[in-house]
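Residue-level structure breakdown
The primary structure of each chain is shown beneath.
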Amino acid sequence: MRRALAVLSCIALLATAAQAAEDLIKVGHTVSLTGGASMWGQSEKNALELLIGKINESGGVLGKKIVLISYDNRNDPVESVNVARRLINDGVVAVIGPAQSGNAIATAPILERAKIPMIVTTATNPYVTIDKDTGKVRPFAFRPCFIDPFQGTVAAQFAYTDLGAKKAAILYDVGSDYGQWLAKYFEEAFTAKGGEVVAKEAFRSEELDYRAQLGKIKGLSPDVLFLPTTQKEAAMAARQARDLGITATFLGTDNWGSPDLIDLGGSAIDGGYFVNLTDLSDPDIQDFVAEYRVVYGKDPVLPNPVMAGDAIYMLVDAIKRAGSTDGTALAKALEETRDLPVVSGKITVNPEDHNPLNKPAVIQKVDTKARAFVFVKKYEPGD
Amino acid sequence: MFLQTLFTGLSVGGIYALMAVGYSLIFSILNFSNFAHGSVIMLGAYMGLGLASKFGLKLGFVVAGAMAGGGLLAVLNERLAYRKLRHRNAPSLYLMISAMGCSVFLENMVYVTIGSRFYAFPEFFTRRVVTFLGSSVSVMDLFALAFSLLAIGALGLFLARSRTGIAIRAGVCDMTMCSLMGVDTDRLVALVFLLAGALGGLAGTFMGVRYLVYPTMGWITNKAYIAAVIGGLGSLLGAIVGGVILGVVETFISAYVSSILRDVFSFTILIALLVCMPNGLFGKSMEERV
Amino acid sequence: MSYILSITTLACINMIAVLGLAIFTGFTGLFSFGHAAFMGIGAYVSAILTYYYDVPFFLALACGVAASSAASLIIGVPTLRARLRSDYFAIAILGFGEALRVILENLSITNGARGLPGIAPYTTLPVVLLCLGLCVIVARNFLRSRYGAACIAVREDPVAAEMSGIHLFRTRLLSLALSAAYCGLSGGLLAHYLSFIQPVMFTLVQSTQILAAVIAGGLGSISGPLVASFLFVALPEALRVAQMWRLVAYGLILVLIMLFRPQGLLGHQEISRLFKRPAGEGH
């Protein structure tokens, strides 16, 4: 017994061997490889490995090869914080990801303290790059995607103008930064256009039964039901809404776009619309999509791999211009990104809020029979 | 809206009741809370899902298969995790801990093997909804209600009329005397677990069809435990009543008060009830409650 | 090196909570599924005080401890007074934990379910070791005092204990409050170590993990749960085992321990016993 205890304690105290120092640039990647967002996450990782392979083949950056260190954050903010610490410990020069706003907001202070730049992929909440309490931009947080005020406005505009909706109801997750703010932005934009938000109902995270809330909504007969939620929650809400006899059109946001939305939602989600960052038919990304298909034998699960591609190109460009991998220098170089060709087109970073200027949004329609998301329309900022 | 909320509440409560019955059944015979029941329910759902998607069976067969699978799983659970402790006359605390361990183990085994993705059952009915007095009731709910009534009714009849049923009720009263009378208690307990597991598999499948199938779906059985406690642990009627009451009250609170704070109300009601009626509504009163 | 320090710190923070539950479950015999909730209260109260009001760290920790103990009285008084049997009590405290989580998710001061990021990192290894040391000393003294003896008596045979004049309700309540205080301290330290807390970090899953450490360490022991909790945190990290398998292992360990070695690692013994060599006796 004593010996067993002693041996166990020794094992527990052993440290993990330090990685042999090589001439490599380590890029960290915090990604959801398990959990509801795993289809995007896996595709993101594939895309990064593909693109980094290409960059390394043409000589790497500053004469060094890039190595990608990916850890699964399980789409959980606590695990994201752990992953961030582990990446800092591994000595990465920058971190790509997370893809979710909640995880990104949790990760940001950790990386900021360590002075390591963070380039999220699809985290769209404005407070990822702006600190909510001080109102100032976070010096080490960047993103290649649009932000939710724009997304909410696009959704509201589409609902009012294209769908002709006068009354809208909203059902959102009270525990999600993403959902809560999007609900707010949609409500503001829709009301400003002249529509009326007849109901704004919330559910707790991980809850799957919304029939009580939907029962209330049914009585108010909305034209559109706005669901700024994940794909599984949207699928559940759609099914339950149809079961209750609600005939409103469903409208969603970029978190709908995982292929399993159709598996989970079935006939109920057919004909729903949602905002997304990019679409498979987008001319700008065709080269990337073709390459991805060749290497992995299937389509990339948009939009994450495209955004991840944008992020890695932004990083590589910043390293070249800064001439070093020092965090503060990189952050400054990232701020000065101008008209950089990336996977989704060209990107210019706004130094005031670290968001990209002029990123468009697309509207997609769910087609259950074809098991696809069909492109409907594109919105440029300023429309 | 009142009627619609009531229908929704009955639908939610029905599932709670079905899960609570299995839980109370085991409690009545072994006097411990089988926290692994949630995992049986979850695995029943996965089995049903497998039958429906891989083999494309119709709902009736899927349900039957899930019930059989759930029953067998529960028997196995008892054999491996509890039998040894029972023979040793271990305190019920140990059985509870073992049950907790099983639950954590099974849930995470599914997580690491099958994965954490959410799955949906294929749609069984083309006509989804019927309207009744201006409110919508889903066809699936009606089917679930019919089938559950059938299952619970069959169970009740079995317990009341058949020889084995009488043996089970005798065991509930006094296990030692029962074995002195010549009943093989090991087989009796295994049979009870089989029944409870079958009900669990049924509940799991219905839950999976109504919502989704995922590894942590067993946690909803916390609600079932509460329902069983409200109704009185060990009483089957209590489990049903407790389940329905909990479902209806929850849904009304969700619709009329706050959907977010619903659980706070539910737990407050639970605690208030326990303080006033420490044995629940129909529970057997214990002499030594200390 | 900093990685080992961080794992050790986390392990020690965990050990404090486990020690608290060991007092309640191991020595007073009441099964609890809700002690992670007390950690949550301690974490949030201390974090809110340092984050919004710039209260000094140790004062904030103390307030967290006081809040946890007070909360334990809220659930303890009605349930223990009603003399709920163990299953009912376990459910009741489980319900309390879940209800608390809902409350935490809905207060704006806690920033809701999204969590509170950016807490100042005041917790360092020396601080944690100091706290752990104090906790162990207090626990040892408590358990050797007549209060501790009362707890053990209540665990062994409540009827006999009551007949001997021990006040069941007061003894159990005291034990609960003390264990909640320990968990509150642990939660406060955790909040200022991770710099980020979320209500979902303090639910049934975490309660189960604390309980697993107490069981594995052995009921009726102080050092047993401490060792077990350290191993539970340190081993998977050292072996770089994925989080998911860790939970599979917890479950399996609980079952196996109950089946084959219910007294856990050091049931009813302390680690010092292993090092003494009474003449002619093994263990």
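Just above sits the structure.
The structure displayed is predicted, hence computed values, not measured ones. In every chain, residue numbers begin from 1 and rise along the written sequence. Lettering of chains starts at A and numbering of ligands starts at 1, both following the order in which they are written. Local features in this predicted model are restricted to residues of pLDDT 70 or higher, and side-chain atom pairs are both shown and tallied only at a pLDDT of 80 or more, whereas totals for entire chains, interfaces and linings draw on every residue. Hydrogens are left out, water is left out, and the side-chain values use all remaining heavy atoms of the structure.

Quick notes on the overall build of chain A
Assigned secondary structure in chain A consists of twelve helices and 14 strands. For this measure, only C-alpha atoms enter the radius of gyration; the expected value for a globule follows 2.2 Å times N^0.38, where N is the number of residues. Relative to the globule expectation of 21 Å for 383 residues, the C-alpha radius of gyration of chain A, 22 Å, shows essentially globular dimensions. Its C-alpha atoms give chain A principal-axis dimensions of roughly 65 × 65 × 45 Å. Here the term buried applies to any residue with accessible area under 20% of the maximum for its type, exposed to any over 50%, and partly exposed to those in between, with areas from a 1.4 Å probe on protein chains only. Counting the 383 residues in chain A, one finds 60% classified as buried. Of the contacts made within chain A by residues no fewer than 6 positions apart, 67% connect residues no fewer than 24 positions apart. Only the protein chains shown count as cover for residues, with accessible areas throughout obtained via the Shrake-Rupley method and a probe of 1.4 Å. With the model as given, the accessible surface of chain A reaches about 13800 Å², and the carbon-plus-sulfur share is 51%. Just so you know, the count uses Lys and Arg for positive and Asp and Glu for negative, and it drops His and the chain ends. For this purpose, a charge sits on NZ of Lys, CZ of Arg, CG of Asp or CD of Glu. When the 41 basic and 47 acidic side-chain charges of chain A are each reduced to a single mean position, those positions are 3 Å apart. A run of H or I in DSSP counts as a helix once it spans at least four residues, and a run of E counts as a strand once it spans at least two, with each numbered from the N terminus. Whether two residues are in contact is decided by their heavy atoms, any of which lying within 4.5 Å being enough.

Comments concerning helix α2 (residues 37-54) of chain B
Helical periodicity: at 3.6 residues per turn, an α-helix aligns residues three or four positions apart in one direction. Here a helix's expected span is defined as the number of its residues, less one, multiplied by 1.5 Å. For α2 of chain B, built from 18 residues, the straight-helix expectation of 26 Å at 1.5 Å per residue is met to within 8% by its first-to-last C-alpha distance of 25 Å. For α2 of chain B, a buried count of 14 out of 18 residues is recorded, marking the element as mostly surrounded by other parts of the structure.

Some words on the packing of aromatic side chains
Between the rings of Phe, Tyr and Trp (Trp by its six-membered ring), a pair exists once the centres lie within 6.5 Å; its type follows the angle of the planes, with under 30 degrees stacked, over 60 edge-to-face, and the other angles tilted. Summed over all chains, the structure comprises 32 aromatic pairs over all chains. When the ring of Phe274 of chain A is compared with that of Phe373 of chain A, the centres are 5.0 Å apart and the planes differ by 85°; the resulting orientation is edge-to-face. Taken together, the residues span a long stretch of sequence, with Phe274 of chain A in strand β10 (residues 273-276) and Phe373 of chain A in strand β14 (residues 372-379) at a distance of 99 residues. Residue class for Phe274 of chain A comes out buried when judged on its relative accessible area of 0%. Plain terms: the ring middles of Phe147 of chain B and Phe206 of chain B are 6.3 Å apart, the flat faces sit at 80° to each other, and that makes the pair edge-to-face. Placement of the pair is Phe147 of chain B in helix α5 (residues 139-161) and Phe206 of chain B in helix α8 (residues 185-210), with a sequence separation of 59 residues. Given the relative accessible area of 23%, Phe147 of chain B is considered partly exposed. For Phe206 of chain B, a relative accessible area of 2% gives the class buried. Taken together, Tyr23, Phe35 and Tyr225 of chain B together with Phe31 and Phe33 of chain C form an aromatic cluster joined through their ring pairs. Definition used: whenever NZ (Lys) or CZ (Arg) falls within 6 Å of the ring centre and also within 35 degrees of the ring normal, the charge is taken to sit over that ring. Note that Arg86 of chain A overlies the ring of Tyr71 of chain A, its terminal NZ or CZ placed 5.0 Å from the centroid. A cation over an aromatic ring shows up here: Arg146 of chain C above the ring of Tyr147 of chain C, its NZ or CZ 4.9 Å from the ring centre.

Here's the deal with the environment of Tyr292 of chain A
All names here are of chain A. Tracing the sequence through the fold places Tyr292 in helix α10 (residues 286-296). For Tyr292, a relative accessible area of 1% gives the class buried. Between the alpha carbons of Tyr292 and Leu51 there is a distance of 9.5 Å; along the sequence they are 241 residues apart. Dropping the residues within four chain positions of it, Tyr292 is found in contact with Ser43, Asn46, Ala47, Leu50, Gly297, Lys298, Asp299 and Pro300.

Description of a nonpolar patch on the surface
Each patch is assembled from residues with relative accessible area greater than 30% and no salt bridge, linking like charges that lie within 9 Å and nonpolar side chains (Val, Leu, Ile, Met, Phe, Trp, Tyr) that lie within 5 Å. The term salt bridge refers to a side-chain nitrogen of Lys or Arg lying within 4 Å of a carboxyl oxygen of Asp or Glu. There is a patch of nonpolar side chains on the surface, built from Leu237, Ile245, Val249, Ile269, Met277, Leu281 and Phe282 of chain B and spanning about 550 Å² of accessible area. On the secondary structure map, Met277 of chain B appears in the segment after α11 (262-276).

Focus: the pattern of salt bridges
Here the structure, examined in full by the defined rule, presents 31 salt bridges over all chains. Between Lys184 of chain A and Glu188 of chain A there is a salt bridge, with the nearest N and O atoms lying 3.2 Å from each other. In this pair, Lys184 of chain A and Glu188 of chain A are both assigned in helix α6 (residues 177-193), four residues apart and thus about one turn of the helix distant. Note on Lys184 of chain A: relative accessible area 32%, which makes it partly exposed. Between Arg117 of chain B and Asp263 of chain A there is a salt bridge, and its shortest N-O distance comes to 4.0 Å.

Some points on the pairing of β14 of chain A
Residue and element names in this part refer to chain A. Here the rule is simple: two strands pair whenever DSSP picks up at least two bridges between them. Alignment of strand β13 (residues 361-367) against β14, held across seven bridges, turns out to be antiparallel. Residue pairing for β14: Asp367 is matched across the bridge by Ala372. Hairpin remark: β13 followed by β14, antiparallel, with four residues in the connecting loop; positive phi at Arg371, about 50°.

Some words on the interface of chain B and chain A
Taken together, the contact pairs 30 residues of chain B with 33 residues of chain A. A salt bridge links Arg204 of chain A to Asp263 of chain B, with the nearest nitrogen and oxygen atoms 2.5 Å apart. Counted as a polar contact is a pair of N or O atoms within 3.5 Å, where, for protein atoms, one must be capable of donating a hydrogen and the other of accepting one, and residues adjacent in sequence contribute only when both atoms are in side chains. Here chain B and chain A share 15 residue pairs in polar contact (both at pLDDT 80 or more) between them. At the level of secondary structure, the elements contributing two or more residues to the side of chain B that touches chain A comprise α1 (2-30), β2 (135-138), α8, α10 (236-257) and α11 of chain B. If you tally residues by element for the side of chain B that touches chain A, the top one is α1 of chain B, at four residues. For this scheme, ten residues count as nonpolar: Ala, Val, Leu, Ile, Met, Phe, Trp, Tyr, Cys and Pro. Four count as charged, namely Asp, Glu, Lys and Arg, and the remainder, Gly too, count as polar. Taken together, the residues of the side of chain B that touches chain A break down into 13 nonpolar, ten polar and seven charged.

Some words on the sheet that holds strand β5 (residues 141-142) of chain A
As a general point, the strands of a sheet are linked pairwise by backbone hydrogen bonds and lie either parallel or antiparallel. All names here are of chain A. Strand order in the open sheet formed by five strands is β2-β1-β3-β4-β5, with parallel pairing between adjacent strands. The two strands at the open ends of the sheet, each matched to only one other strand, are β2 (65-72) and β5. Direction of pairing for strand β1 (residues 24-31) relative to strand β3 (residues 94-96): parallel, over a ladder of three bridges. From the neighbouring strand, His29 faces β3, where its bridge partner is Ile96. Those strands touched by helix α2 (residues 38-57) are β1, β2 and β3, and its axis lies near 170° from that of β2. Lines fitted to C-alpha atoms define the axes, with helix axes restricted to the stretch in contact, and inter-axis angles between N-to-C directions lie between 0 and 180 degrees.

Focus: the interface of chain B and chain C
At the interface, 47 residues of chain B touch 41 residues of chain C. Counting across the chain B and chain C interface gives zero salt bridges. Our enumeration of links across chain B and chain C arrives at one residue pair in polar contact (both at pLDDT 80 or more). Looking at the side of chain B that touches chain C, the elements that each hand over two or more residues are α1, α3 (59-87), α4 (92-113), α9 (221-231) and α11 of chain B. Among the elements that take part in the side of chain B that touches chain C, α4 of chain B stands out by supplying 14 residues, more than any other. Considering only residue class, the side of chain B that touches chain C consists of 34 nonpolar, eight polar and five charged.

A look at the pairing of strand β8 (residues 224-227) of chain A
Residues and elements named next belong to chain A. What you see with β8 is no split at all: Val224 and Phe226 on one side and Leu225 and Leu227 on the other are buried throughout. Here three bridges tie strand β6 (residues 167-173) to β8, and the two strands are oriented parallel to one another. When the bridges of β8 are listed, Ala169 appears paired with Leu225. One ladder, built from four bridges, connects β8 with strand β9 (residues 249-252); its direction is parallel. Considered in β9, the bridge of Leu225 is made with Phe250. The parallel pair β8 and β9, bridged by helix α8 (residues 231-244), forms a crossover whose chirality is right-handed. Note on handedness: a crossover is taken as right-handed if, strands pointing away from the viewer, the path from the first strand over the helix to the second is clockwise.

Focus on the packing of α9 of chain B against α11 of chain B
Residues and elements named next belong to chain B. At a closest axis distance of 10 Å, the pairing of α9 and α11 adopts a crossing angle of 30°. The pairing of α9 with α11 is recorded here as roughly parallel in orientation. Note on packing geometry: the crossing formed by α9 with α11 is left-handed. Across from Lys223, Ile226, Val229 and Ile230 in α9, the residues of α11 making contact are Arg262, Asp263, Phe267, Leu270, Leu273 and Leu274. Oblique is the label for any angle not under 35 degrees, not over 145, and not in the 65 to 115 range, which are roughly parallel, roughly antiparallel and roughly perpendicular in turn. By definition, any crossing whose near helix is turned counterclockwise from its far helix by less than a right angle is left-handed, and any crossing with a clockwise turn is right-handed.

Let's talk about the environment of Leu150 of chain B
Counting through the fold element by element, Leu150 of chain B comes out in helix α5. Each C-alpha atom of the pair Leu150 of chain B and Val21 of chain B lies 14 Å from the other, and the pair is 129 residues apart in sequence.

Some thoughts on the sheet that holds β13 of chain A
Residues and elements named next belong to chain A. Spatially, the seven strands line up as an open sheet ordered β7-β6-β8-β9-β10-β13-β14, and their pairing is mixed. Strands at the two margins of the open sheet, each flanked by one partner only, are β7 (196-203) and β14. Shown here is a sheet whose adjacent strand axes are inclined to one another by a mean of 25°, direction ignored. As paired elements, β6 and β7 share seven bridges and run parallel to each other. Within β7, the residue paired with Asp173 across the bridge is Phe203.

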